[in-house]
Amino acid sequence: MLEEEYNPPRRLPTRLRPAPPEEPAFSFEIRTATSRDIPDMLEIYNHYVANSTVTFDEDALTLREMRGKFRHVVDELHYPWLVAVSPSGMIFGYTYVTPWKQKAAYRFTVEDSIYLSPAATGKGIGKALLARMLDAAAEAGIKEVIAVIADRGADASIQMHKNFGFTEVGRMGKVGFKFGRWLGTVLLQKSLKKPKKDKP
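So, here is what we can say about the structure in this document. (Residues numbered from 1 in each chain as written. Predicted model: local features only at pLDDT ≥ 70, side-chain atom pairs only at ≥ 80, totals over all residues. Heavy atoms only, no water.)

### Examining the nonpolar core
So, step 1. Membership of the largest hydrophobic core comes to 47 residues, with the highest contact counts inside it found for Met41, Met66, Trp81, Tyr94 and Ile142.
So, step 2. Among residues more than four places away in sequence, those in contact with Met66 are Ile38, Met41, Leu42, Leu61, Trp81 and Tyr94. (Core = buried A, V, L, I, M, F, W, Y, C linked by side-chain atoms within 4.5 Å. Buried < 20%, exposed > 50% of the residue type's maximum accessible area, 1.4 Å probe, protein only. Contact = heavy atoms within 4.5 Å.)

Have a look at this one:
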């Protein structure tokens with residue numbers, strides 16, 4: 001027989017055992033997106049293309065298409081594009097705005113988009129991204145933000161926008177067809193005020 005069979009290891013009483021190490025608190029930061037974030041953002045977006053009606057796209061975006069969109073929004077329009085990242089650099093989600101319409105008179109009105117990694121939902125990241133995006137959009141001179149949200153399966157997104165002062169301004173029925181069913185959209189709108197600069 002082995003020695004440990006003669007002398008089984010002793011176990012300290014529960015009250016005398018050292019406390020297990022605490023798990024690190026969940027944390028993230030929001031920063032301006034860079035071109036290095038594009039592959040991770042593309043993976044998040046294409047998940048929703050394939051598995052949800054959050055986006056009405058039916059075909060996955062290519063890396064080239066995502067790079068083109070990023071370049072247009074950030075480099076050409078100078079609109080904000082933000083990401084939420086973990087301390088180790090993992091992308092939890094992202095948000096950006098695009099022109100509401102192409103005609104010049106709409107130039108102060110945008111549509112917002114927010115996408116989260118499936119594992120990052122329910123942790124307050126969407127709220128944090130939207131809050132920072134609204135501030136960044138106001139700083140960029142944007143006056144109106146429109147949210148266009150599917151009328152099925154997106155109640156949490158609709159409520160989040162309302163919590164930030166968006167008002168429902170309309171609904172359109174059966175304007176999209178995906179996964180074999182008709183889908184409508186809910187339109188919400190928020191007016192922005194440019195943040196006041198601190199006095200020197």
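### Observations regarding the pattern of salt bridges
So, step 1. Tallied over the entire structure, the rule returns three salt bridges.
So, step 2. One network of salt bridges, with partners in common, ties together Lys162, Glu168 and Arg171. (Salt bridge = Lys/Arg side-chain N within 4 Å of Asp/Glu carboxyl O.)

### Quick word on the sheet that holds strand β6 (residues 167-178)
So, step 1. Pairing is mixed across the open sheet formed by seven strands, whose spatial order is β1-β2-β3-β4-β5-β7-β6. Across the chains shown, the open sheet's two edge strands, defined by having one partner strand only, are β1 (29-32) and β6. Geometrically, the sheet is characterised by an average inter-axis angle of 25 degrees between neighbouring strands, direction not taken into account.
So, step 2. Relative to strand β3 (residues 91-99), helix α2 (residues 38-51) is tilted by about 80 degrees, and along the sheet it contacts β2 (81-85), β3, β4 (109-116) and β6. (Pairing = 2+ DSSP bridges. Helix = DSSP H or I, 4+ residues; strand = E, 2+ residues; numbered from the N terminus. Axes fitted to C-alpha atoms, helices over the stretch in contact; angles between N-to-C directions.)

### Considerations on helix α5 (residues 155-163)
So, step 1. Within α5, burial applies to Ile158, Met160 and His161. Each buried residue of α5 sits inside an arc of 160 degrees when the element is viewed along its axis, so together they form one side. Residues of α5 that are exposed and point over 90 degrees away from its buried face: Asp155, Ala156 and Asn163.
So, step 2. As for α5, its buried residues are in contact with β4, α4 (125-139), β5 (144-150) and β7 (181-191).
So, step 3. Of the residues trailing α5, Gly165 is marked for its positive phi of about 95 degrees. (Arc of directions from axis to C-beta.)

### Here we look at the packing of α2 against helix α3 (residues 63-76)
So, step 1. Running from N to C, α2 and α3 point in directions that differ by 110 degrees, and their axes come no closer than 10 Å. When the interaxial angle is binned, α2 and α3 end up roughly perpendicular. Within the contact between the two elements, α2 uses Ile38, Pro39, Met41 and Leu42 and α3 uses Leu63, Met66, Arg67 and Phe70.
So, step 2. Here the contact of α2 with α3 is composed, by residue class, of seven nonpolar, no polar and one charged. (Parallel < 35°, antiparallel > 145°, perpendicular 65-115°, else oblique. Nonpolar A, V, L, I, M, F, W, Y, C, P; charged D, E, K, R; others polar.)

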